[in-house]
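# Results of the structural survey
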Amino acid sequence: MLTPAQIEDAAQRLFEAERACKQIRLLSLDFPGATMDDAYAVQAALVKRKQAGGLKRIGWKIGLTSKAMQSALNITIPDSGILFDDMVFADDGTVPAGRFIQPRVEAEIAFVMKAPLKGREISIDDVLDATDYVTPSLEILDTRIERTNKETGKIRTFFDTIADNAANAGIVTGGRRLGPREADLRWMGAIVTRNGEVEETGLGAGVLDHPARGIVWLVERLHTYGMEIGAGEVVLSGSFVRPVETRSGDRIAADFGPYGKVSVNFA
């Protein structure tokens with residue numbers, strides 16, 4: 001377990017890295033014995049700094065929902081982070097140059113809640129009942145921590161990713177707003193392109209067999225910390241494609257077929 005001083009130190013490093021738009025070395029190298037609880041404690045300390053600076057929580061993101069990504073980070077469950085109001089970008093809008101360090105983009109189904117969700121044992125139906133609508137979305141990821149340490153060859157662990165607010169950076173929503181039972185969300189998917197070329201394709205079933213299942217996991221995890229998903233908040237349910245690397249001048253678009261399209265540009 002990390003000491004309170006170590007938690008604050010790690011959070012401050014991440015806070016300053018984001019402000020400077022410069023990556024820091026792997027935190028897991030300095031804190032090799034850190035646990036998942038330690039990771040969320042660092043994330044909470046980072047979130048506290050952001051809120052003290054005036055940012056407002058607008059929702060949550062769920063990550064590491066695919067077996068491939070879980071295996072890469074030696075983890076068997078998803079992770080989560082907090083969405084802030086400064087992360088929102090307009091559909092087909094442009095991310096300014098220098099805003100992020102190494103942005104990548106994923107396609108996801110976003111849930112917008114009409115009622116709070118909390119408790120230890122909830123179901124997919126409970127999630128759908130509390131959902132106002134779902135809509136196509138893109139999540140922009142960024143890493144304030146290096147992905148691989150050049151000196152040791154060590155890659156990020158769950159501790160690095162979770163502490164770094166689950167690599168949260170931006171959110172774009174677009175296309176149609178659907179009632180949560182208006183479509184079979186397992187079959188709601190997208191074709192993701194970069195500058196018109198197909199990079200990834202996937203279906204909602206790629207997220208734990210149902211996009212709402214990740215939200216079940218999130219609610220139960222939040223319960224252990226005395227927290228909940230609030231009415232009006234948005235939840236990114238997890239990506240069903242691999243993240244697409246972006247470069248200056250790129251346009252990333254996700255075609256959700258009958259459910260519409262959503263895109264973002266990078267200056």
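For the structure, see preceding data.
Presented here is an overview of the structure given in this document. (Residues numbered from 1 in each chain as written. Predicted model: local features only at pLDDT ≥ 70, side-chain atom pairs only at ≥ 80, totals over all residues. Heavy atoms only, no water.)

## Description of the packing of aromatic side chains
Formally: Ring pairs shown here join Phe, Tyr and Trp side chains whose ring centres sit within 6.5 Å, with only the six-membered ring taken for Trp; geometry is labelled stacked below 30 degrees between planes, edge-to-face above 60, and tilted in between. Each helix is a run of H or I in the DSSP string that is no shorter than four residues. Each strand is a run of E no shorter than two, and both are numbered from the N terminus. In this scheme, a residue with accessible area under 20% of its type's maximum is buried, one over 50% is exposed, and one in between is partly exposed, where area comes from a 1.4 Å probe on protein chains only. Here, a charge over a ring is recorded when the distance from Lys NZ or Arg CZ to the ring centre is within 6 Å and its angle to the ring normal is within 35 degrees.
Inspection of every chain in the model, using the stated rule, returns four aromatic pairs. The interplanar angle of 70 degrees and the centroid separation of 6.1 Å between the aromatic rings of Phe89 and Phe100 together place this pair among those described as edge-to-face. Note that Phe89 is positioned in strand S3 (residues 88-89) and Phe100 in the loop between strand S4 (93-95) and strand S5 (104-113), a separation of eleven residues in sequence. With relative accessibility at 11%, the residue Phe89 sits in the buried group. Arranged with centres 6.1 Å apart and planes meeting at 75 degrees, the rings of Phe240 and Phe256 form a pair that is edge-to-face. Of this pair, Phe240 sits in the loop between strand S10 (234-239) and strand S11 (244-245) while Phe256 sits in the loop between strand S12 (251-255) and strand S13 (261-266), placing them 16 residues apart in sequence. On the accessibility criterion, Phe240 (10% relative accessible area) is buried. Accessibility expressed as a relative area gives 2% for Phe256, which makes it buried. The residue whose ring lies beneath Arg221 is Tyr40, and the NZ or CZ to ring-centre distance is 3.9 Å.

## A short note on the pairing of S10
Cut-off, in case you're wondering: When DSSP finds two or more bridges between a pair of strands, those strands are recorded as paired.
Most of S10 is tucked away: six of the six residues are buried. For strand S1 (residues 57-63) and S10, the ladder comprises three bridges, and the chain directions are parallel. Among the inter-strand pairings, Gly59 is bridged to a residue of S10, identified as Val234. Note that S5 and S10 share four bridges and pair antiparallel. Bridge pairing links Phe111 to Val235 in S10.

## Some points on helix H3 (residues 36-52)
For clarity, the threshold we go by: For a helix, the expected span equals 1.5 Å multiplied by the residue count minus one. Throughout, a contact is declared for two residues whenever any of their heavy atoms are within 4.5 Å. Whenever a nitrogen or oxygen atom comes within 3.5 Å of another N or O atom, the pair is scored as a polar contact, on the condition that within protein one atom can donate a hydrogen and the other can accept it, and that pairs from neighbouring residues in sequence are kept only if both atoms are in side chains.
Between its first and last C-alpha, H3 extends 24 Å over 17 residues, near the 24 Å set by a 1.5 Å rise per residue. Those residues of H3 that sit buried are Asp38, Ala39, Tyr40, Val42, Gln43, Ala45, Leu46, Val47 and Lys50. Of the surrounding elements, those touching the buried residues of H3 are helix H1 (4-20), strand S2 (79-84), helix H6 (158-163) and helix H7 (211-224). The N-terminus of H3 is capped by Thr35, whose side-chain oxygen sits 3.4 Å from the backbone nitrogen of Asp37. Among the residues trailing H3, Gly54 stands out with phi positive, at a value near 105 degrees.

## Observations concerning the nonpolar core
Buried together is how nonpolar side chains tend to be arranged in soluble globular proteins. Rule in force here: We call a set of buried residues a nonpolar core when its members are Ala, Val, Leu, Ile, Met, Phe, Trp, Tyr or Cys and they connect through side-chain atoms within 4.5 Å of each other.
Grouped together as the largest cluster of nonpolar side chains are 81 residues, with contacts concentrated most on Phe111, Ile229 and Phe256. With residues near it in sequence (within four places) discarded, Phe256 still touches Ala107, Glu108, Ile109, Pro136, Ser137, Met188, Gly189, Ala190, Phe240 and Val262.

## Quick notes on the side chain of Ser263
Tracing the sequence through the fold places Ser263 in strand S13. By relative accessible area, Ser263 is classed as buried at 4%. Leaving out residues up to four positions away in the same chain, Ser263 has contacts with Ala90, Asp91, Asp92, Gly93, Leu138, Val172, Arg251, Ile252 and Ala253.

## Section: the pattern of salt bridges
As a reminder of what qualifies: In what follows, salt bridge is the name for a side-chain nitrogen of Lys or Arg lying within 4 Å of a carboxyl oxygen of Asp or Glu.
Per the counting criterion, the structure on display carries 19 salt bridges. In this structure, the salt-bridge partner of Glu233 is Arg57, at a minimum N-O distance of 2.8 Å. Here Glu233, found in the loop between H7 and S10, pairs with Arg57, found in strand S1; they are 176 residues apart in sequence, far enough to count as distant. Taking relative accessible area as the criterion, Glu233 reaches 8% and is therefore assigned buried. On the basis of relative accessibility, which here comes to 32%, the residue Arg57 falls in the partly exposed class. Within this structure, Asp9, Arg13, Arg25 and Asp30 form a network of salt bridges that share partners.

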